[in-house]
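Chain by chain, the residues run as shown.
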Amino acid sequence: MLSEQDAKIEAHVRGLPDPEGARFFYERLVAEHPRAARLVAQDEGLLADALALAAWSPLLGTTLLQSPEYLPWLARERGTPAARVREVEELGESLARFALTHSTLDAQVLLARFRRRELLRIYLRDVRATSTIVETTEELSNLADAALQFALGRARQELENLYGAPQREDERGRMSAAEFTVVALGKLGSRELNYSSDIDLLFLYSDDGETTGKGERGQTTNREFFCRLAERVARAVGHQTGEGAAYRVDLRLRPHGRDGAPAVSVASALRYYREKAHRWELQALIRARASAGSSALFARFAEGVRESVYRRDETVERALSNVRLAKRKIDREHGPRGRGYNVKLGRGGIREIEFIAQALQLAYGGRDAWLQHAPHTLVSLGRLAERALLTERERTELSDAYSFLRTLEHRLQMEHGLQTHTVPDDSPRRTLVARRMHFEGAHALAEFDAALDAHTTRVRVAFERVFGDADADEDRDKDKHKDKGGGDATAVKDGDAATVVRGDAHAPSGSRASLLERDADRTGTAAAMSAATVFAARMLVEGEGASDAEAVAALLMREARASLNAQRALSLVTRVAASLEKSGASESLSEARLVELVRVCGASELIGGMLASDPALIASLAADAEVVRARDHRAQLRSAVDAERSFRAELAALRRAWARLIVEIGALDVAGRITSSESNQLQTSLAAASLNAALLVARRELARRHGRLASGPRLAVLGLGRLGSAGVDFGSDLDVVLVYDQRVPSPVAGMTREEAYARMSELVVTSLSNLTRDGHLYRVDLRLRPDGRNGAPAVGAESFTSYLRERAGVWEWLAYVKLRAVAGDLELGRAVEREARTVVHEAARDAGAEILRAETRRVRARLEQERGAVRGGRGARAARDIKFGPGGMLDVYFAARYLQLRDGVADEGEDRSTRATLARLRAARSLGEAEFRALDEGYTLLRALDHTMRLLAGRSTRLPTAEDHPTLRDLARAHGYTSPSALAADLDTHTRAVRAAYERITNEK
């Protein structure tokens, strides 16, 4: 006999589409979060909502299990009266409150978490049928707008702190603020966003000019400011973290596509759309709107581009032909590849409804302005019917089909959060989809299939009526619901699922362990099979033919489980597969290559993300360690640049070559075939080679712009920080000072040396730092140059040493003690380095130990306060910053550099790493044995964790607060700890010892 609680659960799950999934969710909640389970059990409405979310979306069920604090929030939301659709302003206020209570999170993680939390509320209304498809997609679009507005506000403030506000000058010479707008295209533009849609964006700014310069780094051009702003917004909203990204950001619809700048002026954009844009690019602007930033600026753009989109002289035949060609191109690129009907691209699918509406808008909109202001597909259909361009019956049938297919698309996507549009083939999973579409009873599947057939048939009839029967021949022999059009098959037969995932069809059931295995089956199989379908077509079995998709899926699941993080591995591998499919690349894959791919994706968000962006990089995973150790990075990059003849092409070639080399290093690092120290050495070599390549690109571009150079530039790059100490790591900035020879003439006729080298320096920074379609290489930091942001980007060699002798502060000596010539004219650079080292040590000796000690402690304390402050919620472990926090890497850096300056111990020779410096200080008797051991051992652990963190989740130096956080678990596993708590305990021991040693060293008088 069931207990009262069990009976209550059974009563709730009985009518759900997946009662087993709901029960399993509740079992896990009781086992893992008993306090949250008691809360749910006491609130009948919350219990019903939580079970419903788990039954309709395993993804959101997992969200509640990972973040049980969302349950009381969900309970409060149920009792809060609200409008049917929350507006952007209201969502923005909620996001601001969320940010205040999660102030230690990076913007990328913050936005991803906030979006996932809000999906709980939105999807609950969706599956309860208390909101229409129009209301659901509008609120999803408003949520994306709120995220973009938050990211824009934060990024703009950060950049204005650096460069001041961008300005524009009107025709009367008056200065005012330049404006910026984030233009939404595609589904976000028409407020029809899916749960898993990409967001297509275009960034526009009002005017060229310059910033006020009232910031840390001084003045820059508006173009550079707004390009950086666009990059920061895209990164905040779209960067993949260990918890995924808030959205996938697609910038390919901007002017010039992947070759275009991240942000363009309105004048440039209008010129492009007027003179160069393809018809399909103009078609995309039908759904454009301002998502964030200046709506007035967008209105100016929209008015300026209107006549290019809606041409008064457009003929119906030409408009229909252009749209039909765009449809055929999509069909060819996303043609038959997988099993199951594709509700977006399949015959009679959503894309055909959208193209019917857009084709008729383009055909008649030039002469009928009323048709121009209808970006939403359903609004367009209504207006077209009112103009008798569609029959009333067609409008009704297309609108009903749109609502049905979009709802179906949502059910498919919200199962596991994948960007899928494919209805599974196998009967059990297809039946579950039918039940989630509210078809019930014994005949649910048959009724669902009949409804799908009816809707898609009506869409196809209308499509052929509008466009003629030109497409009919190529579709005549296709069975609509066996259509493989663009499928990203996520199906796998239930009878084979356990075998594919576990390799054991006879695993025992009933225990909590087997329930957890079943959960892994449910969440992992779809991703593995989706990727396997793509990979299998490119894999050869003993050179005879394509591999079986289910065998490949089994391989993916097996290797994912053996990797550092199975969830990350499958997520990234699925993205790589999707990108590979889109690219149309036909190269074959070996099993060994695929195993390496899964291993890298499981261990590194950074490298896995690069592979997903460019699957051609998969070939770099096979590099031999000895070959990579022997690489001449400078020759490799120079060869890539030499073959090109334009600045843009050179940047693209440099980025592609660099990406291949960094992926080689990352793959070997992850596999343990090179040490972290070797990885740093190789990355330092690659950074120096990149600087040399950037100098080559800059020199060639100067010649293109100003004619043959009057003399060879003598410019040297001096490295500081990690570049100076040969410790460059994944995501490192390049801290540099650029110095030129003041004794030789200007390399550019008609320019002073200062002007010529300033131009060359700007081109070097642009070559390495600007974001292009192929990404960027490094953030180049010139802030440590003489006079900082107020100084010239390049300085004469003699002026540089004079500055060090006469005006540099103690904090600058602490940085310059690590100075090293790394690129450019090394003869000049090494001479400057030797002179600078002598000057810095003489100045430190003259200043005396007490001034050095006091200034070292002051600067260190300020950085700890500003960057290393930690916060933890009540009962939570405070976040630990392994670089800026107490006992972090900066304690080691400052202690070592203070001792170097106090005792005149210079860094010389090839090995200038921090550990080598500590050894020199011990040999010079500046550092006692106890302090040496504390700093050396502590630094070794801190750098190891920092290195792994960079691979795992980017450049963050702050460890997660929760001990069960996936990143903390991965760190512990990667470094051989039995648990995150064991890692935390060891880290506590070492950081306390480092801080104690730092205090003893810097308090000695």
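Keep in mind that this is a model prediction, so the values were computed, not measured.

Draft legend 1. Looking closely at the overall build of the protein chain. Across its full length, the protein chain holds 42 helices and 16 strands. A burial count over the protein chain gives 58% of its 1005 residues as buried. For the protein chain, the exposed area adds up to about 41,200 Å²; of that, 48% sits on carbon and sulfur atoms.

Draft legend 2. Geometry of the packing of helix 38 (residues 889-903) against helix 39 (residues 914-923). Helix 39 packs onto helix 38 with a crossing angle of 45 degrees between their chain directions and a minimal axis gap of 10 Å. By the angle between their axes, helix 38 is oblique relative to helix 39. By crossing handedness, the relation of helix 38 to helix 39 is classed as left-handed. Only Thr-914, Thr-917, Leu-918 and Leu-921 of helix 39 make contact with helix 38, whose side of the interface consists of Val-892, Tyr-893, Ala-896, Leu-899 and Gln-900. Looking at the contact of helix 38 with helix 39, its residues break down into six nonpolar, three polar and no charged.

Draft legend 3. Examining the pairing of strand 10 (residues 715-719) more closely. In terms of residue burial, strand 10 counts as a mostly covered element, since five of its five residues are buried. Taking every second residue as pointing to the same face, both faces of strand 10 are buried, with Leu-715, Val-717 and Gly-719 on one and Ala-716 and Leu-718 on the other. Pairing analysis gives five bridges linking strand 10 to strand 11 (residues 734-740), with the strands arranged antiparallel. Following the sheet pairing, Leu-715 is matched in strand 11 by Tyr-740. Taken together, the four bridges between strand 10 and strand 14 (residues 820-824) define a ladder with antiparallel strand orientation. Paired with Leu-718 across the two strands is Ala-821, which belongs to strand 14.

Draft legend 4. Highlighting the environment of Ala-808. Along the chain, Ala-808 turns up in the loop between helix 34 (797-806) and helix 35 (810-816). In this structure Ala-808 comes out as buried when scored by relative accessible area, which is 13%. Along the primary structure Ala-808 and Ala-843 are separated by 35 residues, whereas in three dimensions their C-alpha atoms are 9.4 Å apart. Every residue in contact with Ala-808, bar those within four places of it in the chain, is listed here: Tyr-803 and Trp-813.

Draft legend 5. Region of interest: the side chain of Asp-936. Residue placement: Asp-936 occurs in helix 40 (residues 929-953). Classification of Asp-936 as buried rests on a relative accessible area of 9%. With residues near it in sequence (within four places) discarded, Asp-936 still touches Arg-915 and Leu-918.

Draft legend 6. Focus on the packing of aromatic side chains. All told, the structure shown has 16 aromatic pairs when counted by the stated rule. With 4.5 Å between their ring centres and 5 degrees between their planes, Tyr-740 and Tyr-757 make a pair best called stacked. Placement of Tyr-740 in strand 11 and of Tyr-757 in helix 33 (residues 753-769) is noted, with a sequence separation of 17 residues between them. Summarising the burial analysis for this pair, Tyr-740 and Tyr-757 share the class buried. Ring-pair connections join several aromatic residues into one group, and the members of that group are Phe-180, Phe-203, Tyr-205, Phe-225 and Phe-226. For the cation-ring pair, Arg-115 lies above Tyr-247, with the distance from its terminal atom to the ring centre recorded as 5.1 Å. Sitting above the plane of the Phe-932 ring, Arg-922 keeps its charged end 3.9 Å from the centroid.

Draft legend 7. Representation of the environment of Trp-73 within the structure. Structurally, Trp-73 is set in helix 6 (residues 70-78). When the C-alpha atoms of Trp-73 and Arg-117 are compared, they prove to be 9.2 Å apart, with 44 residues separating the residues in sequence. What Trp-73 contacts, discounting residues up to four positions off in sequence, is Arg-117, Glu-118, Leu-120 and Arg-121.

Draft legend 8. Inspection of unusual backbone geometry at higher detail. In this structure, Ala-388 takes a positive phi of about 65 degrees despite not being glycine. One can find Ala-388 in the loop between helix 17 (377-386) and helix 18 (392-416). Of note, the phi angle at Asp-787 is positive, near 70 degrees, even though the residue is not glycine. Position of Asp-787 among the secondary structure elements: in the loop between strand 12 (780-781) and strand 13 (794-796).

Draft legend 9. Structural context of the packing of helix 2 (residues 19-32) against helix 5 (residues 58-66). One can describe the packing of helix 2 onto helix 5 by two numbers: an axis separation of 10 Å at closest approach and a directional angle of 10 degrees. Looking at the two axes, helix 2 sits roughly parallel to helix 5. Judged by residue contacts, Phe-25, Arg-28 and Leu-29 of helix 2 engage Gly-61, Leu-64 and Leu-65 from helix 5. The residue inventory of the contact of helix 2 with helix 5, partitioned by class, reads four nonpolar, one polar and one charged.

Draft legend 10. Seen up close, the pairing of strand 3 (residues 180-185). Burial analysis of strand 3 places six of its six residues in the buried class, which makes it a mostly covered element. Neither face of strand 3 is open: one carries Phe-180, Val-182 and Ala-184, the other Thr-181, Val-183 and Leu-185, and all of them are buried. The pairing of strand 3 with strand 4 (residues 198-205) spans six bridges and is antiparallel. Considered in strand 4, the bridge of Val-182 is made with Phe-203. As judged from the four bridges shared by strand 3 and strand 7 (residues 289-293), these two strands associate in the antiparallel manner. Directly across from Ala-184, in strand 7, lies its bridge partner Arg-289.

Draft legend 11. Spatial organisation of the nonpolar core. With 162 residues, the main nonpolar core has Phe-535, Leu-556, Leu-597, Leu-611 and Phe-800 as its most contacted residues. Per-element accounting of this core gives the leading share, 14 residues, to helix 30 (residues 647-671). Apart from residues no more than four positions distant in its own chain, Phe-535 is found in contact with Val-552, Leu-556, Val-573, Val-576, Ala-577, Leu-580, Leu-589, Leu-594 and Leu-597. Among the nonpolar cores identified, the runner-up in size contains 150 residues, and Leu-111, Phe-225, Val-266 and Tyr-310 belong to it.

Draft legend 12. Local environment of the pattern of salt bridges. Following the criterion strictly, the structure yields 85 salt bridges and no others. In this structure, Arg-743 and Asp-741 form a salt bridge, with 3.0 Å as the shortest nitrogen-oxygen distance. Residue classification places Asp-741 among the buried positions, given a relative accessible area of 3%. When the shortest N-O distance is used, the salt bridge between Arg-837 and Glu-833 registers 2.4 Å. Of the two residues, Arg-837 and Glu-833 are both situated in helix 36 (residues 826-847); the distance of four residues between them amounts to about one turn of the helix. For the pair Arg-837 and Glu-833, one class covers both residues: buried. Put simply, Glu-77, Arg-86, Glu-90, Arg-117, Glu-118, Arg-121, Arg-125 and Glu-139 are held in one network by salt bridges that share partners.

Draft legend 13. Highlighting the confidence of the model for the protein chain. Confidence in the prediction for the protein chain averages 86 pLDDT; 88% of positions are at 70 or higher. The secondary-structure element of the protein chain with the lowest mean pLDDT is helix 22 (residues 494-502), recorded at 27, while strand 10 shows the highest, at 98. Within the model, pLDDT remains below 50 along residues 469-523, and this stretch shows 122 contacts once partners closer than five positions in the same chain are excluded. Within the model, the stretch residues 870-877 combines pLDDT values under 50 with 15 contacts to residues more than four positions away or in other chains.

Draft legend 14. Up close: a positive patch on the surface. Taken together, the side chains of Arg-223, Arg-271, Arg-274, Lys-276 and Arg-648 define a basic patch exposed on the protein surface. For Arg-271, a relative accessible area of 40% gives the class partly exposed.

Draft legend 15. Representation of the environment of Asp-903 in the model. Here Asp-903 shows up in helix 38. Residue Asp-903 is classed as partly exposed on the basis of its relative accessible area of 35%. Separated by 62 residues in the primary sequence, Asp-903 and His-841 have C-alpha atoms spaced 8.7 Å apart.

Conventions adopted
- Residues numbered from 1 in each chain as written.
- Predicted model: local features only at pLDDT ≥ 70, side-chain atom pairs only at ≥ 80, totals over all residues.
- Heavy atoms only, no water.
- Helix = DSSP H or I, 4+ residues; strand = E, 2+ residues; numbered from the N terminus.
- Buried < 20%, exposed > 50% of the residue type's maximum accessible area, 1.4 Å probe, protein only.
- Areas by Shrake-Rupley, 256 points an atom, 1.4 Å probe, with all protein chains shown as cover.
- Axes fitted to C-alpha atoms, helices over the stretch in contact; angles between N-to-C directions.
- Parallel < 35°, antiparallel > 145°, perpendicular 65-115°, else oblique.
- Left-handed = near helix turned anticlockwise from the far one by under 90°.
- Contact = heavy atoms within 4.5 Å.
- Nonpolar A, V, L, I, M, F, W, Y, C, P; charged D, E, K, R; others polar.
- Pairing = 2+ DSSP bridges.
- Phe/Tyr/Trp six-rings, centres within 6.5 Å; stacked < 30°, edge-to-face > 60°.
- Lys NZ or Arg CZ within 6 Å of the ring centre and 35° of its normal.
- Core = buried A, V, L, I, M, F, W, Y, C linked by side-chain atoms within 4.5 Å.
- Salt bridge = Lys/Arg side-chain N within 4 Å of Asp/Glu carboxyl O.
- pLDDT = per-residue confidence, 0-100.
- Patch = residues over 30% accessible without salt bridge, like charges linked within 9 Å, V, L, I, M, F, W, Y side chains within 5 Å.
- Lys, Arg positive; Asp, Glu negative; His and termini not counted.
- Charge placed at Lys NZ, Arg CZ, Asp CG, Glu CD.

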